[in-house]
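Coordinates in review
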Amino acid sequence: KALTGVFNPKPQETYIGRSLLFIAIGLLQSSLICLGDLFYLNIQCQHPVYFLFAGWFTSIVYVSIIYALTVSFGDIGKAVCVVLLVMQVAGSGGTFPIEVAPVYPLLPFTHSMNAMRECIAGFYSTVYWKELGTLALFLIPALLLGLLLRKPVIRLNDAFTEKLESTKLI
């Protein structure tokens, strides 16, 4: 009777269990990148420990967003993730000045870059913590979608796919 929960986990438990695997992989990747920046590229960083922490936290947020979208929306969620990636590179100062992109405060990449810049150039007031706090706000909709809204969204996607298939367009 004590092992019943192990063999019949709740949907939230499977979601968290699987996301922990992806988060662990993301943490390994961000560690490799940040440590490579520090020791291979030898960037001048005023606060290397905070730089590493910003990389880890950024990874957790991004993995949570990607996993929630992918699990909830399937292939459409994967496409949305690609669109978000392209938007973030263009809209957060990756390709042109950030001031000409009106969506930059709404993109998580902007806040990650600002937090990492603080670590590299030195802290100014509480900008580092404010940027990480803003980045943490992106976790709320990802967790809400993944833990609470996933089942209804999957049912809606299935109904939409069934209707689409009945039209014989696909």
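Details of the structure are given in the entry above.
To start, this report covers the structure provided alongside it.

Rules of the game
- Residues numbered from 1 in each chain as written.
- Predicted model: local features only at pLDDT ≥ 70, side-chain atom pairs only at ≥ 80, totals over all residues.
- Heavy atoms only, no water.
- Helix = DSSP H or I, 4+ residues; strand = E, 2+ residues; numbered from the N terminus.
- Buried < 20%, exposed > 50% of the residue type's maximum accessible area, 1.4 Å probe, protein only.
- Areas by Shrake-Rupley, 256 points an atom, 1.4 Å probe, with all protein chains shown as cover.
- Salt bridge = Lys/Arg side-chain N within 4 Å of Asp/Glu carboxyl O.
- Core = buried A, V, L, I, M, F, W, Y, C linked by side-chain atoms within 4.5 Å.
- Contact = heavy atoms within 4.5 Å.
- Disulfide = S-S within 2.5 Å.
- Axes fitted to C-alpha atoms, helices over the stretch in contact; angles between N-to-C directions.
- Parallel < 35°, antiparallel > 145°, perpendicular 65-115°, else oblique.
- Left-handed = near helix turned anticlockwise from the far one by under 90°.
- Nonpolar A, V, L, I, M, F, W, Y, C, P; charged D, E, K, R; others polar.

What follows is about the overall build of the protein chain. Helix and strand content of the protein chain: seven helices and zero strands. Ordering the α and β elements of the protein chain from the N terminus gives α-α-α-α-α-α-α. Sorting the 170 residues of the protein chain into buried and exposed places 32% on the buried side. Counting every atom, the protein chain has about 11300 Å² of accessible surface; 71% of that belongs to carbon and sulfur.

Under the defined criterion, the tally for this structure stands at one salt bridge. K78 is the partner of D75 in a salt bridge, and the nearest nitrogen-oxygen pair spans 3.6 Å. In this pair, D75 and K78 are both assigned in helix α4 (residues 75-91), three residues apart and thus about one turn of the helix distant. With relative accessibility at 60%, the residue D75 sits in the exposed group. The exposure class of K78 is partly exposed, given its relative accessible area of 44%.

With that settled, consider the nonpolar core. Within the largest apolar cluster, 24 residues are counted, with the highest numbers of intra-cluster contacts made by F51, F57, V61, I65, Y128, L132 and L135. Those elements that place two or more of their residues in this core are α2 (11-40), α3 (48-73), α5 (108-121), α6 (127-137) and α7 (139-166). Examining the composition of this core, we find that nine residues originate from one element, α3, more than from any other. Setting aside anything within four residues of it in sequence, one finds V61 in contact with L135, F138 and L139.

Here a disulfide denotes one covalent bond, and it connects the sulfur atoms of two cysteines. Inspection of every chain in the model, using the stated rule, returns zero disulfides. We note that C45 lacks a disulfide partner, and the nearest cysteine sulfur, in C119, lies 5.8 Å from it. Overall, C119 belongs to the buried group, its relative accessible area being 0%.

Before going further, it helps to spend a moment on the packing of α3 against α6. Two numbers describe how α3 lies on α6: the axes approach to 10 Å, and their chain directions differ by 15°. With respect to each other, α3 and α6 are oriented roughly parallel. Judged by the sense of rotation from one axis to the other, the crossing of α3 with α6 is left-handed. In this structure, α3 contributes Y50, F53, A54, F57, T58, V61 and Y62 to the contact, and α6 contributes Y128, W129, L132, L135 and A136. Class assignment for the residues of the contact of α3 with α6 results in 11 nonpolar, one polar and no charged.

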